[in-house]
Amino acid sequence: MRPLRGIDARLLARVASAHPLLPWLTGAAVMGLSGNRGARRAALRGTGSLALASAAVGIAAKSAAGQRFPPRPAAATSPSGHTAAVAAFATAVTLESPWLGAGLIPLATAAAVLRTRHATRSPGGVLAGAALGAGVAAATCRWWPVHVDEPADTARPNVSVPALPAGLGLIAVVNGDAGGDTPAEAERRILLPMADIRLCASGVDLHLVLDRAAKDVLAHGGALGVAGGDGTVNAAAVRATESGLPLAVFPTGTLNHFAADLGLTTLQSTADAVEAGRGGAVDLGRVTSADGTGTYFLNTFSIGVYPELVRARQTRERRLGKWPALCVGLLRVLADGTPRKVVIDGRRRQLWLLFAGNSRYDPPGFAPSYRRSLNDGLLDIRTVDGSHPFARTRLVAAFLTGTLARSRVYRATMVTRLRIDGMGDDEDYTRDGEVSPAADTLHLDKAPHALTVYLPPPR
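Residues numbered from 1 in each chain as written. Predicted model: local features only at pLDDT ≥ 70, side-chain atom pairs only at ≥ 80, totals over all residues. Heavy atoms only, no water.

S.K.: I'd like to hear about the nonpolar core, residue by residue, with values.
M.R.: In a soluble, globular protein the nonpolar side chains are often hidden away together inside. Residues Leu247, Phe258, Leu262, Leu451 and Val453 are the most contacted members of the largest nonpolar core, which totals 33 residues. Elements represented by at least two residues in this core include exactly β2 (170-175), α9 (206-220), β4 (223-228), α10 (230-243), β5 (247-251), α11 (257-262), β6 (278-289) and β18 (441-454). In terms of nonpolar packing, the next biggest core, distinct from the first, is built from 19 residues, Phe297, Ala356, Leu379 and Ile420 among them. (Core = buried A, V, L, I, M, F, W, Y, C linked by side-chain atoms within 4.5 Å. Buried < 20%, exposed > 50% of the residue type's maximum accessible area, 1.4 Å probe, protein only. Helix = DSSP H or I, 4+ residues; strand = E, 2+ residues; numbered from the N terminus.)

Set out below in C-alpha cells:
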C-alpha cells in the first residue's frame, strides 16, 4: 500500500497545483465531445465567455496598475478574475442549456464562497467578479443569439403518411461517406428491424442508389428513408419530391440543419415518427436555369466566396480534418478572393456573398442558424456588397460591434423570387453545402409544400 499512497499523494499534489480554471475547461471539453447539439453550443459559448471575462479583468487590472505610481497590488475589492471567469462560464452554459446550468450554478457559487474564505479576495471583490462574468456572458447574446431548440412552428404533423411498424415498407439509404457504417451497423442504428437498409459505400454513386430505392418504393409501396448529412438528405429529397414519396430523415451527418429544424434530433425520433405515421409538408427552395433545368435546396443557396470556401475546405480536409481545414480555407479565401460582378433583378452588383435561405432564418444578423417556419413561401436574402472600400474589414467590425443592421456593406430582405444574371461559365453556386456549376442565368423561387416528411409529435 505504501507505493499506492505515494502515487496518490503525488496525484493529489498535481491536481492541487493545476490551474483553477482547468476543471471548467475540462467540463467544456466533455460537453463538446458529447455529441449533443445543445451541449456543444453550451461549451462554445461557455469557453468564449470565460476567455472574454478573463481578458476583461486582466485589461482592467493592467490599466489600474498603470495609473498608479509606484504600482501597487490590486485591491481586495477589485473584481476577482477567477470568479468572473467561472461566473461567465456558468451563465453562458445556462443560457444555452438550463439543465446543464442547474448543475453548474451551485458549483460556481461554491467556488465563489471558497474564494472569500481561503483567498485574499473580499466578498465585495468576489461579488464584483461574479457580476462582471455574468454580464459578459449575457453580452455575447448581442453577437450570438441563443439558439431556440424547438422544431419550426409549421413543421407539425398535418399530412397523412403510411405508418410502418418496425419499418416494414421503408427503404433507407445510408451514405457510407457520412457515417462510415457497415450494413449491420446501419441497420442497428436506424432502429427499425424490418426496414430495408441499403448502404452506399464510399466510391459508389449515391444518386444511382437513391434512384433504385425510389423506384422500388414506388413499385411496392411504403416510404423512402435517408441517413446522412444535409447534402445526402438533399439528394434524397429531390427523388422523394419528384416521385411523390414521403421521406424519413435520419440525422447522421456533421450538422444536420434540416433535420434539426424538423425537430428530428435523434435517430430514435425519426424511427418513432415512421412507426406512428406522422407527417407534414414543407417548402423547398428551387434553382432553375434559363433552359428550364433545375433542382432544389432544403436549407441554403449561395454564390460568391462560399463556394470557394467549400472547395478550399475539401482540398485540405483529408490532411487536416474538417474544422481545421474550414478555418484555414476561410483565411485563404478572404485573403485571395475577389467580389463577383453579377446582375440581381436587373441591377448590377458587386458582391462578396449572396445568401438565400429556404424560409426566414434566425438570427437576423450575419450568422443565420435556424428557422421558425418551413412553409412561409419566402426566400431569406442576405448580401455583402463588395463595391464599398474596405468591405471585408467593415463587415467584420460591424459584426463584432453588433451594428450589422446599420452597416452599408450588409443587406437583408425577404422575397418570393430572385433572378441572377452574368454568372459566367466558370462560376459555381452552393446549395446545402454542395458545390455545383452555375448557368449564366439562374432563377430562385419556392416550391410550396413540395416535400412530405415524417415528423415528431408536437411538443
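After presenting the structure, the write-up continues.
S.K.: Tell me about the packing of helix α2 (residues 22-32) against helix α4 (residues 81-96), and name the residues and values.
M.R.: Running from N to C, α2 and α4 point in directions that differ by 25 degrees, and their axes come no closer than 11 Å. Comparing their axes, α4 and α2 come out roughly parallel. Considering only the axes of α2 and α4, their crossing is left-handed. Residue-level inspection shows Trp24, Ala28 and Met31 of α2 in contact with α4, the latter providing Val86, Phe89 and Val93. The residue inventory of the contact of α2 with α4, partitioned by class, reads six nonpolar, no polar and no charged. (Axes fitted to C-alpha atoms, helices over the stretch in contact; angles between N-to-C directions. Parallel < 35°, antiparallel > 145°, perpendicular 65-115°, else oblique. Left-handed = near helix turned anticlockwise from the far one by under 90°. Contact = heavy atoms within 4.5 Å. Nonpolar A, V, L, I, M, F, W, Y, C, P; charged D, E, K, R; others polar.)

S.K.: Describe unusual backbone geometry, with residues and values.
M.R.: Here Leu191, not a glycine, exhibits a phi torsion of approximately 70 degrees, which is positive. Note that Leu191 resides in the loop between α8 (183-190) and β3 (196-200). On the accessibility criterion, Leu191 (37% relative accessible area) is partly exposed. Here the phi dihedral of Asp432 falls at roughly 50 degrees; this positive angle occurs in a residue that is not glycine. With respect to the helices and strands, the residue Asp432 is situated in the loop between β16 (428-431) and β17 (434-437).

S.K.: Tell me about the pattern of salt bridges, and name the residues and values.
M.R.: Two side chains bearing opposite charge may form a pair once their charged atoms approach each other closely. Going through the model one piece at a time under the given rule, you end up with 14 salt bridges. Asp283 is paired through a salt bridge with Lys446; the nearest N and O atoms lie 3.3 Å apart. Of the two residues, Asp283 is situated in strand β6 and Lys446 in strand β18; the sequence distance between them amounts to 163 residues. Comparing Asp283 with Lys446 shows no difference in burial state: the two are buried. Residues Glu427 and Arg340 are paired through a salt bridge, measuring 3.1 Å at the closest nitrogen-oxygen approach. (Salt bridge = Lys/Arg side-chain N within 4 Å of Asp/Glu carboxyl O.)

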